[in-house]
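So you can see what is in the structure, the chains are spelled out below.
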Amino acid sequence: MAGFVLVPVALGSVYLMKIGNSQHEMHEAARYAAWERTVWSAGGGGSHNKSDSVVLNEAVARVLGEPDSPIDSIVDGKAVKPASRKFDPMLSVNKGDGNRGPMFKEEKGAYHTFSFKDDKAASGLVTRALGNVVTYGLDLNDKGLQTSTISWKYDWIPSLDYGWAPIKVSSTNTLLTESWNAGSPDKIKDSIDGIVATTLLKKARIDKGLKLLGGLARFKDFKKLELGKIDVDRLPCHRLAKAKGRPSC
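Residues numbered from 1 in each chain as written. Predicted model: local features only at pLDDT ≥ 70, side-chain atom pairs only at ≥ 80, totals over all residues. Heavy atoms only, no water.

A. Expanded view of the overall build of the protein chain. A tally of helices and strands in the protein chain yields 7 helices and 5 strands. Each helix (α) and strand (β) of the protein chain, taken in turn from the N terminus, gives the series α-α-β-β-β-α-β-β-α-α-α-α. Here the protein chain, with 249 residues, has 33% of them falling under the buried criterion. Summed over all atoms, the accessible surface of the protein chain reaches about 16400 Å², with 58% contributed by carbon and sulfur. (Helix = DSSP H or I, 4+ residues; strand = E, 2+ residues; numbered from the N terminus. Buried < 20%, exposed > 50% of the residue type's maximum accessible area, 1.4 Å probe, protein only. Areas by Shrake-Rupley, 256 points an atom, 1.4 Å probe, with all protein chains shown as cover.)

Take a look at the structure:
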């Protein structure tokens, strides 16, 4: 019983944990792909475009790759053979021959499939009217929605391989095309400052009153309030590839 039940259950628990972790990374990869398409054209003239394959390679390298690997705009978009692809260690399993490898099933020389969908902007008088209200005062480009889908199949580990079909999963993410997000941090702050409700409270000096109340009532959390704070995402220095003229961490 220990050999046929407990051992597979123990190994299967670890395997399911890795599947759960990979699901989170899949959602992140799909979101990365949709985000890239909001500011990069799929084709056409000029240099401001990225093909679907380049975006997929970047998503795999930057999201599913080794956590501390540097981000390189030239290398990350290139095609990499499955045998040479470096994944997050959490996405590897024992292949049964003493070696570890990715938990994804290789098919036709690839692990992943990828697709984009470019939806037209919503139509109808009511929808357009609501859209005008939402975007009033903001320099938004709401020409459509960008949808990306990433999918793959899992390879069974030897102890759980009973000839079943591989598990196929996918994740889809949709983002509104907003070219303003590609601007500078100051541009982003200026664009969304007017729609952040807590900004009004900051201008009314409510934050100082709350901090004072926190000091009197000994509510330490009140002292940490930063009403109206807009925190723009920044790329960690250690994730940047070394380049001439770029400051070191």
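B. Structural detail: unusual backbone geometry. Here Lys108, not a glycine, exhibits a phi torsion of approximately 55°, which is positive. Among the structural elements, Lys108 can be located in the loop between strand S2 (100-102) and strand S3 (112-120).

C. Broad picture of the nonpolar core. Residues Tyr15, Met103, Phe104, Trp152 and Tyr154 are the most contacted members of the largest nonpolar core, which totals 26 residues. Filtering out sequence-adjacent residues up to four positions away, Tyr154 remains in contact with Tyr15, Ile19, Ser22, Gln23, Met103, Phe104, Lys105, Pro166, Ile167 and Val169. (Core = buried A, V, L, I, M, F, W, Y, C linked by side-chain atoms within 4.5 Å. Contact = heavy atoms within 4.5 Å.)

D. Representation of the packing of aromatic side chains in the model. Under the defined criterion, the tally for this structure stands at 9 aromatic pairs. Ring centres of Phe87 and Tyr111 lie 5.6 Å apart, and the angle between their planes is 75°; this geometry places the pair in the edge-to-face category. Of this pair, Phe87 sits in the loop between helix H2 (52-64) and strand S1 (92-94) while Tyr111 is found in the loop between S2 and S3, placing the two residues 24 residues apart along the sequence. With 5.2 Å between their ring centres and 45° between their planes, Tyr162 and Trp164 make a pair best called tilted. The exposure class of Trp164 is exposed, given its relative accessible area of 51%. Members of the aromatic cluster, joined through ring pairs, are Phe87, Phe104, Tyr111, Trp152 and Tyr154. (Phe/Tyr/Trp six-rings, centres within 6.5 Å; stacked < 30°, edge-to-face > 60°.)

E. How the structure looks around the pattern of salt bridges. Applying the stated rule across the entire model yields 6 salt bridges. Residue Arg37 pairs with Asp52 through a salt bridge whose shortest N-O separation is 2.8 Å. Of this pair, Arg37 sits in helix H1 (residues 2-39) while Asp52 sits in helix H2, and the two are 15 residues apart along the sequence. With a relative accessible area of 32%, Asp52 lands in the partly exposed category. For Arg62, the salt bridge identified is with Glu58, shortest N-O distance 4.0 Å. Of the two residues, Arg62 and Glu58 both sit in helix H2, 4 residues apart, roughly one turn of that helix. Taking the relative accessible area as the measure of exposure, Arg62 reaches 18% and is therefore buried. Each of Glu36, Lys50, Glu58, Arg62 and Asp76 takes part in one network of salt bridges that share partners. (Salt bridge = Lys/Arg side-chain N within 4 Å of Asp/Glu carboxyl O.)

F. Inspection of a nonpolar patch on the surface at higher detail. On the surface, a cluster of nonpolar side chains totalling about 620 Å² of accessible area is made up of Met1, Phe4, Val5, Leu6 and Val9. Examined against the element boundaries, Val9 turns out to sit in helix H1. Val9 sits in the partly exposed class, given a relative accessible area of 48%. (Patch = residues over 30% accessible without salt bridge, like charges linked within 9 Å, V, L, I, M, F, W, Y side chains within 5 Å.)

G. Broad picture of the environment of Ile19. When you line up the elements, Ile19 lands in helix H1. Taking the relative accessible area as the measure of exposure, Ile19 reaches 13% and is therefore buried. Between the C-alpha atoms of Ile19 and Tyr154, which are 135 residues apart in sequence, the distance is 8.3 Å. Look past the residues within four positions of Ile19 in its chain and what remains in contact with it is Met103, Tyr154 and Ile167.

H. How the structure looks around the environment of Ser51. Mapping Ser51 onto the fold places it in the loop between H1 and H2. Each C-alpha atom, one on Ser51 and one on Gly77, is 9.4 Å from the other, the two residues being 26 residues apart in sequence. Beyond its immediate chain neighbours, meaning those up to four positions away, Ser51 contacts Arg37 and Ala42.

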